[in-house]
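Descriptive analysis of the structure
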Amino acid sequence: MNASQEQDMKVDCGPDFVTLMWRESRPQADTSLLRLGNCFPTSFSAGEAYFYVDLTDCNFRRLVTGDKLVYSNDLTYVASVDSYNLAFTHPVVCAYERPKDWYATIYDPVFKTYSLGDLQFNIGLMNDDFSGPAESTRFPLGSIIPIMASVVQETHQPLLLLLEECVAATTPELYPESTMYPIISNKGCLLESVSSRSKFEPRQKSSEIRLSLQTFTFAMGEEVFIHCKLLAWDPNGLDSTKKACHFVKGHGWELLDNLAQSNLCDCCESKCKSRRQRSVASEKHGMIQKAVVGPFTITDVNS
């Protein structure tokens, strides 16, 4: 384990985790506004903030250089509009000896990153409990494909990440003649949940969304790509076009983020239209990003 000290920050790099302690010396600074990547403090008080996080979390970036594995991130302070304290960013770096048996596979890193304005979107295939990247890109028919997307929002108010649309295709780009299989459509309705075990998982962070997608009969044995439209949105601004809905057997369509508002999902059986106009949703504000997951392969269990 190694440690580094910079001003009021102490970082300890464990084998697969990082602890960070920030001691705040500025008057009236709010330590709850500190972020490590996209993670909130594990605990905080008037003068300190403490983070205990895994290297696979918080959007740590990994770089392989020679015999070193280097993980990097940023500690940021997001100042409120009326604050006397300025926003800042401090780099956080942990370097490790590269294990002799370590090697990059063709699907590692599984996550893809897209930058749009000052937002950074990530999407990728995960392992069964969403604790790290997928260990394989071959999924037997009927099995679950865990998919997670996130948005880094260092200079924004808290944002809610939604999957507005996702389709499967056999090409990394979509063309008019592409064969497509709809997964999410109608502004956030998970169509696959009606006839399968597919569902949205409970949120761990507003800036993340987790999808358990049951494999389906499409392009068996071929490379498959999932094309999605990611939407970062005001958590308090959900409506029939800004939502995450899935079908629960015996209950019908349910809203992921507030069961009491599941009536927003009623339009999943017809056409979802907005009743109001909100300019913050426009692409000019950098809130919408197209992204691609894959390639992966759906295999026949009998082959």
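Residues numbered from 1 in each chain as written. Predicted model: local features only at pLDDT ≥ 70, side-chain atom pairs only at ≥ 80, totals over all residues. Heavy atoms only, no water.

In the nomenclature of an unreviewed UniProt entry, the chain is known as Zona pellucida sperm-binding protein 3-like isoform X2 of Gymnodraco acuticeps.

Thoughts on the packing of aromatic side chains
In this structure the tally under the stated criterion is 9 aromatic pairs. Between Tyr181 and Phe216, the ring centres sit 4.3 Å apart and the planes meet at 5 degrees, which makes this aromatic pair stacked. Pair noted here: Tyr181 is in strand 15 (residues 180–185) and Phe216 is in the loop between strand 18 (208–214) and strand 19 (223–233), with a separation of 35 residues, a long-range link. Classification of Tyr181 as partly exposed rests on a relative accessible area of 22%. Among the aromatic residues, ring-to-ring pairing joins Trp22, Tyr77 and Phe88 into one connected group. It is Arg35 that lies over the ring of Phe40; its NZ or CZ is 3.9 Å from the centre. Residue placement shows Lys242 over the ring face of Trp233; its charged tip is 4.9 Å from the ring centre. (Phe/Tyr/Trp six-rings, centres within 6.5 Å; stacked < 30°, edge-to-face > 60°. Helix = DSSP H or I, 4+ residues; strand = E, 2+ residues; numbered from the N terminus. Buried < 20%, exposed > 50% of the residue type's maximum accessible area, 1.4 Å probe, protein only. Lys NZ or Arg CZ within 6 Å of the ring centre and 35° of its normal.)

Observations regarding the state of the cysteines
Under the criterion given, the structure shown has 6 disulfides. One disulfide in the model links Cys189 with Cys268; its S-S distance is 2.0 Å. Every disulfide takes its handedness from the sign of the S-S torsion; for Cys189 and Cys268 that torsion is -85 degrees, giving left-handed. Of the two residues, Cys189 is situated in strand 16 (residues 189–190) and Cys268 in the loop between strand 21 (252–255) and strand 22 (288–299); the sequence distance between them amounts to 79 residues. For the pair Cys189 and Cys268, a shared accessibility class is recorded, and that class is buried. Residue pairing for Cys245: its cysteine sulfur links by disulfide to Cys265, the two sulfurs lying 2.0 Å apart. The chirality of the disulfide connecting Cys245 with Cys265 is left-handed, given an S-S dihedral of about -80 degrees. Here the residue Cys245 occupies a position in strand 20 (residues 245–248), and Cys265 occupies one in the loop between strand 21 and strand 22, the gap between them amounting to 20 residues. Residue classification places Cys245 among the buried positions, given a relative accessible area of 0%. (Disulfide = S-S within 2.5 Å.)

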